[in-house]
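So the chains spell out like this:
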Amino acid sequence: MSIGLLGCGVVGGGILDFCAERTDLTVTKVLVRRERPELGGLAVTDISAITDDPTIGIVIEVMGGLHPAYEYICAALGAGKHVVTANKAVISAFYPELVKLASENGVTLRCTAAVGGGIPWLTNLERCKRLDAITELGGIMNGTTNFIMDAMHAAPVSFPDILKQAQELGYAEADPSADIDGDDVRRKLTISANIAFDALLREEDIPMFGIRTVTDGDIKAFKAHGFVCKLLATAKAAEEGVCAYIEPTLIDSHELEAAVPKNFNLITYCGEKIGRHSFFGQGAGRYPTAFNAVGDCLDILAGKVGFYTGTMTPAAVSNSAEAHPYYVRTACPDEFLRSVTVERWGEGVITSCVSVEEMLRWGRAHLKKDPACFVAGIR
Ligand code: HSE
């Protein structure tokens, strides 16, 4: 089958390499913004050269960003092309529109590389829910923040220095605030939870607290009490809607997540009958991401139809029934924090069980009073 490739950066190059070794998938056109002599006759600069080409069966989008990627994906679906994308921002923000458009045009939309890079996460989530009800999912869904937390636990290092290293190694998003403040994880969690629970959650409704303000002193206190801190995503089936949130989380140092090194991801779902399945691997990078994108094309070749889920019911994010203790460090504690404090750890305090909804609302609001404040749930 002939492929039109939108974007030819690091991941696009990996896709070209995988396809060059095959006879069943051939990249015949590559949409680029400027001249790329090394692409020879493949390069085109106008999307219509791909959407109007009747020989192209699959469009792979690896340009990134919301626009014009969204418009190009719509044009491809509208032209009756199957679409494979690694673009979590587009899928998370325009999920219902894109699934509807694909279905109206009788084509397939796949985005396995959008969550977990090279990890076969969405494909297994889809397979699991054919047979069992998913009760819970989440874990480490961002390599940059895991790299930072891992390094900060290994040796005293300043946050800006280690973030710079993650950027130099190519792990971080173009704007690293998307990594350290949780937006990148929130997009991945939205897509995963929508598929797992046949839901239609709005990305912006999921509360999050990032790792931007964590200090060496915090990590020292966590280690002294036998904990490791990781940025974790959580989604659970709830009585009403879906419980979903992202927060730095203190986990026992013997937990699987605590051992995840460098920029690796560890993503887990729990099925009602089958229990826990965890997926470990590279969540980004040339060949991991290209692997899942080309794998999606092979699934389409093998006759895969539709999206990962057929049903989408609008659902509210509901975190009021989920409660646990928190570690909070702030230079200006208020009445609420004093009322829930049960213990002191170094410069921080430990709270009694507080609902996730209340604590993350408090944490985000408190950052305006104390921008250095840090909040972490304790599992
Ligand atoms: N910046 C992301 C990460 C890349 O660090 O995981 C993949 O989404």
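The coordinates are above.
Residues numbered from 1 in each chain as written. Predicted model: local features only at pLDDT ≥ 70, side-chain atom pairs only at ≥ 80, totals over all residues. Heavy atoms only, no water.

Q: Please provide a residue-by-residue account of the overall build of the protein chain, values included.
A: Scanning the protein chain for helices and strands turns up 13 helices and 19 strands. For the protein chain, the C-alpha atoms occupy an extent of roughly 65 × 45 × 35 Å along the three principal directions. In the protein chain, which comprises 379 residues, the proportion classed as buried is 55%. Pairs at least 24 apart in sequence give 72% of the contacts found in the protein chain among residues at least 6 apart. Here the protein chain has roughly 15,800 Å² of accessible surface; of this, 54% comes from carbon and sulfur atoms. Each charge class in the protein chain can be summarised by its mean position, and for the 35 positive and 47 negative side chains these summaries are 2 Å apart. (Helix = DSSP H or I, 4+ residues; strand = E, 2+ residues; numbered from the N terminus. Buried < 20%, exposed > 50% of the residue type's maximum accessible area, 1.4 Å probe, protein only. Contact = heavy atoms within 4.5 Å. Areas by Shrake-Rupley, 256 points an atom, 1.4 Å probe, with all protein chains shown as cover. Lys, Arg positive; Asp, Glu negative; His and termini not counted. Charge placed at Lys NZ, Arg CZ, Asp CG, Glu CD.)

Q: Describe the pairing of strand 15 (residues 326-329), naming the residues involved and giving the relevant values.
A: Side chains of strand 15 alternate between two faces, with Tyr326 and Val328 and Tyr327 and Arg329 buried alike. Of the pairings in the sheet, the one linking strand 15 to strand 19 (residues 374-378) comprises four bridges and is antiparallel in character. Paired with Tyr326 across the strands is Gly377, a residue of strand 19. (Pairing = 2+ DSSP bridges.)

Q: Please set out helix 4 (residues 88-104) residue by residue, giving values where relevant.
A: Largest kink in helix 4: about 90 degrees, centred on Phe94, with the proline Pro96 one to four residues after it. The complete set of buried residues in helix 4 reads Lys88, Ala89, Val90, Ile91, Ser92, Phe94, Tyr95, Leu98, Val99 and Ala102. Looking at the buried side of helix 4, the elements it contacts are helix 3 (69-78), strand 5 (82-85), strand 6 (109-110), helix 9 (183-196) and strand 8 (199-200). One side-chain oxygen of the residue at the start of helix 4 lies 3.2 Å from the amide nitrogen of Ala89, identifying that residue as Asn87. Downstream of helix 4 by one or two residues, Gly106 has phi in the positive range, about 65 degrees. (Bend = angle between axes of the 7 residues up to and from the residue. Polar contact = N/O pair within 3.5 Å; in protein donor to acceptor, adjacent residues only side chain to side chain.)

Q: Which residues make up the side chain of Lys81, and what are the values?
A: With respect to the element layout, Lys81 can be found in the loop between helix 3 and strand 5. Asp53 is the oppositely charged side chain nearest to the buried, salt-bridge-free Lys81, at an N-O distance of 5.9 Å. A polar contact is formed between the side chain of Lys81 and the backbone oxygen of Asp53, at a distance of 2.6 Å. The residues touching Lys81, leaving out its near neighbours within four places in the chain, are Ile50, Thr51, Asp53, Pro54, Ile56, Gly57, Val59, Ala76 and Val107. (Salt bridge = Lys/Arg side-chain N within 4 Å of Asp/Glu carboxyl O.)

Q: Go over the pairing of strand 7 (residues 134-140) with me, naming the residues and quoting the values.
A: In terms of burial, strand 7 is a largely internal element, five of the seven residues being buried. Summarising the sheet, strand 7 and strand 11 (residues 264-271) pair through six bridges and their orientation is antiparallel. Across the sheet, Gly138 pairs through a bridge with Thr268, a residue of strand 11.

Q: Which residues make up the sheet that holds strand 1 (residues 2-6), and what are the values?
A: Whenever strands of a sheet pair, they do so through backbone hydrogen bonds, lying parallel or antiparallel. In space, the six strands of this open sheet follow the order 3-2-1-4-5-6, with parallel pairing throughout. Two strands lie at the open edges of the sheet, namely strand 3 (43-44) and strand 6, each paired on one side alone. Two elements, strand 5 and strand 6, share two bridges in a ladder whose sense is parallel. Bridge assignment links Val84 to a residue of strand 6, and that residue is Arg110. Strands in contact with helix 3 are strand 1, strand 2 (26-31), strand 4 (56-61) and strand 5; relative to strand 5, the strand with the most contacts, it is inclined by about 155 degrees. (Axes fitted to C-alpha atoms, helices over the stretch in contact; angles between N-to-C directions.)

Q: I'd like a rundown of the site of the ligand, residues and numbers included.
A: In the vicinity of the ligand, the contacting residues are Lys88, Asn142, Gly143, Thr144, Tyr171, Ala172, Glu173, Asp179, Asp184, Lys188, Gly283 and Ala284. The contact in question runs from a nitrogen atom of the ligand to an N or O atom on the side chain of Glu173, over 2.7 Å. At a separation of 2.8 Å, an oxygen atom of the ligand approaches a polar side-chain atom of Lys188. Protein contact buries 91% of the 250 Å² of open area that the ligand shows by itself. Secondary-structure elements contributing two or more residues to the shell around the ligand are helix 6 (143-154) and helix 9. For the shell around the ligand, the residue count by class is three nonpolar, four polar and five charged. (Near = heavy atom within 4 Å. Nonpolar A, V, L, I, M, F, W, Y, C, P; charged D, E, K, R; others polar.)

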